[in-house]
Amino acid sequence: MRTRNLGALSTSALGLGCMGMSEFYGAGDDAESIATIHRALDLGVTLLDTADMYGPFTNEQLVGRAIAGRRDQVVLATKFGIQRDGGTRRINGSPEYVRRAVDASLQRLGVDHIDLYYQHRVDPTVPIEETWGALAEAVAAGKVRHLGISEAGPQSVRRAHAVHPVTAGQYEYSLWSRDPEAEILPLFRELGIGLVAYSPLGRGFLSGEITSPDQFEPGDFRASNPRFQGENFQRNLDLVTEVKQLAEAKGCTPAQLALAWVLAQGEDVVPIPGTKRRTYLEQNLGALDVELTADDLAAIEKLSIGRDVAGDRYAEMGSVGK
């Protein structure tokens, strides 16, 4: 397994997003999910990504069970900052909450430290300097090794970084979500911050295996996501056809092509495709063997999928989850 550096943190070139094992993408199967995490570790994947709000709480517990006895093989990443109470969500970046959240995550995960601890969303009611002051305390106490931030704007990143170095930022980044290229990636490279790309397969759409909204199980949030609804769905499906054609010519799957493209954006970019099944994990890791030439990248750049995606990334209030 090749490695990459997120700031001062070394991880596998491809990580594993664990969110869907517990929520948002239909029914889960804990036994298969744990087997998937074990298989990932066996194949050299080190970066496992979770958050306290996934479940809520149950995904951290699942990951904790899966890594028991294998902690030294894992770069463990989790997040805080989105509080869920029934059907409501709120962003909380207060120092008091930071202190409670990190201790609670450590307990659920069954570990004595977190390798990469993200602020999941920035709380507009709390100066980010106060939030990051509490996070710096967690680092000084040995509870956390590195700090990250997710979906924050450039100025918030700069302000956080001035309090304590930001090791990595987690943003949606894929062939059909290229927003980080405008401001975030240049800023990260200026400051020496790595980019962790979540949803690098467009929530599974870039795999080419989703052909109808009827495929979504009960509880799958994609059924209410703007990009998967109505006319947007068909328009985006037409765009994925372009990816499938290029992948066929390249001799790989559409998912592997999409992941290889993200990997080709720089050695400081680490995609974390999520899956709850070993078969998809192994297919995703095949992207590491796909070498994109300059001509391949130029052909991908000409695709309309990078500029003509229909629909917002989230429904209203959806930006507080992922």
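Anything mentioned here points back to the structure above.
Note that the coordinates shown come from a computational prediction; the quantities given were computed from them, not determined experimentally.

Engineer: Please clarify how the side chain of S174 should be interpreted in this entry.
Structural biologist: Here S174 shows up in the loop between β10 (168-172) and α6 (184-191). On the basis of relative accessibility, which here comes to 0%, the residue S174 falls in the buried class. Once residues lying within four places of it in the same chain are set aside, the contact partners of S174 are S199, P200, G202, L206, W261 and V262.

Engineer: Please clarify how the pattern of salt bridges should be interpreted in this entry.
Structural biologist: Under the counting rule described, the total for this entry stands at 21 salt bridges. In this structure, E267 and R4 form a salt bridge, with 3.4 Å as the shortest nitrogen-oxygen distance. Of this pair, E267 sits in the loop between α8 (254-263) and β12 (269-271) while R4 sits in strand β1 (residues 3-6), placing them 263 residues apart in sequence. What makes R4 buried here is its relative accessible area of 7%. In this structure, the salt-bridge partner of E172 is R203, at a minimum N-O distance of 3.0 Å. Residue E172 is located in strand β10, and its partner R203 is located in the loop between β11 (194-198) and α7 (230-250); the two are separated by 31 residues in the primary sequence.

Engineer: Hey, could you run me through α8 in this one?
Structural biologist: Each α-helix winds once per 3.6 residues, and so residues spaced three or four apart point in a common direction. Of all 10 residues that make up α8, 10 are buried, and the element is covered over most of its length. Those residues of α8 that are buried are in contact with β1, β11, α7, β12, α9 (278-285) and α10 (294-301).

Engineer: Looking at this model, I keep getting lost on the sheet that holds strand β4 (residues 47-49). Mind explaining?
Structural biologist: As a general point, the strands of a sheet are linked pairwise by backbone hydrogen bonds and lie either parallel or antiparallel. What the eight strands build is an open sheet, ordered β3-β4-β5-β8-β9-β10-β11-β12; its pairing is parallel. Of all the strands in the sheet, just β3 (16-17) and β12 have a single pairing partner and so form its edges. Looking at chain direction, strand β5 (residues 75-80) and strand β8 (residues 114-119) are connected through four bridges and run parallel. Note that in β8 the partner of K79 across the bridge is Y118.

Engineer: Looking at this model, I keep getting lost on the side chain of N236. Mind explaining?
Structural biologist: Of note, N236 is situated in helix α7. The contact partners of N236, leaving out residues within four places of it in the chain, are W176, F205, R227, D308, V309 and A310.

Engineer: It is not clear to me how the nonpolar core should be interpreted in this structure. Could you clarify?
Structural biologist: It is characteristic of soluble globular proteins that their nonpolar side chains tend to be buried jointly. Within the largest apolar cluster, 82 residues are counted, with the highest numbers of intra-cluster contacts made by L16, I37, L48, Y117, I149 and I305. Of the residues forming this core, the biggest block, eight residues, is contributed by α8. Among residues more than four places away in sequence, those in contact with I37 are L16, C18, M21, L48, V63 and A66. Membership of the second largest hydrophobic core comes to 13 residues, among which are L9, L116, A168 and Y314.

Engineer: What's the story with the packing of helix α5 (residues 154-163) against α6 in this structure? I'm lost.
Structural biologist: Axis separation between α5 and α6 bottoms out at 10 Å; the angle between their running directions is 20°. One element, α5, and the other, α6, form an angle in the roughly parallel class. The two elements α5 and α6 meet at a crossing, and its hand is right-handed. Only I184, L187, F188, E190 and L191 of α6 make contact with α5, whose side of the interface consists of P154, V157, R158 and H161. Residues belonging to the contact of α5 with α6 are distributed by class as follows: six nonpolar, one polar and two charged.

Engineer: Is there a simple way to think about the environment of E242 in this case?
Structural biologist: Of note, E242 is situated in helix α7. Residue classification places E242 among the partly exposed residues on the basis of a relative accessible area of 24%.

Engineer: Please explain unusual backbone geometry as it appears in this structure.
Structural biologist: Only a minority of non-glycine residues have a phi that is not negative, and only a minority of peptide bonds are not trans. For the bond running from G55 to P56, omega is -5°, close enough to zero to count as cis. Positive phi, normally seen in glycine, also occurs at F24, with a value near 80°. The class for F24 is buried, based on a relative accessible area of 10%. Phi is positive for F57, which is not a glycine, with a value near 75°. Summarising the element assignment, F57 is placed in the loop between β4 and α2 (58-67).

Here is what the cut-offs are and how they apply
- Residues numbered from 1 in each chain as written.
- Predicted model: local features only at pLDDT ≥ 70, side-chain atom pairs only at ≥ 80, totals over all residues.
- Heavy atoms only, no water.
- Helix = DSSP H or I, 4+ residues; strand = E, 2+ residues; numbered from the N terminus.
- Buried < 20%, exposed > 50% of the residue type's maximum accessible area, 1.4 Å probe, protein only.
- Contact = heavy atoms within 4.5 Å.
- Salt bridge = Lys/Arg side-chain N within 4 Å of Asp/Glu carboxyl O.
- Pairing = 2+ DSSP bridges.
- Core = buried A, V, L, I, M, F, W, Y, C linked by side-chain atoms within 4.5 Å.
- Axes fitted to C-alpha atoms, helices over the stretch in contact; angles between N-to-C directions.
- Parallel < 35°, antiparallel > 145°, perpendicular 65-115°, else oblique.
- Left-handed = near helix turned anticlockwise from the far one by under 90°.
- Nonpolar A, V, L, I, M, F, W, Y, C, P; charged D, E, K, R; others polar.

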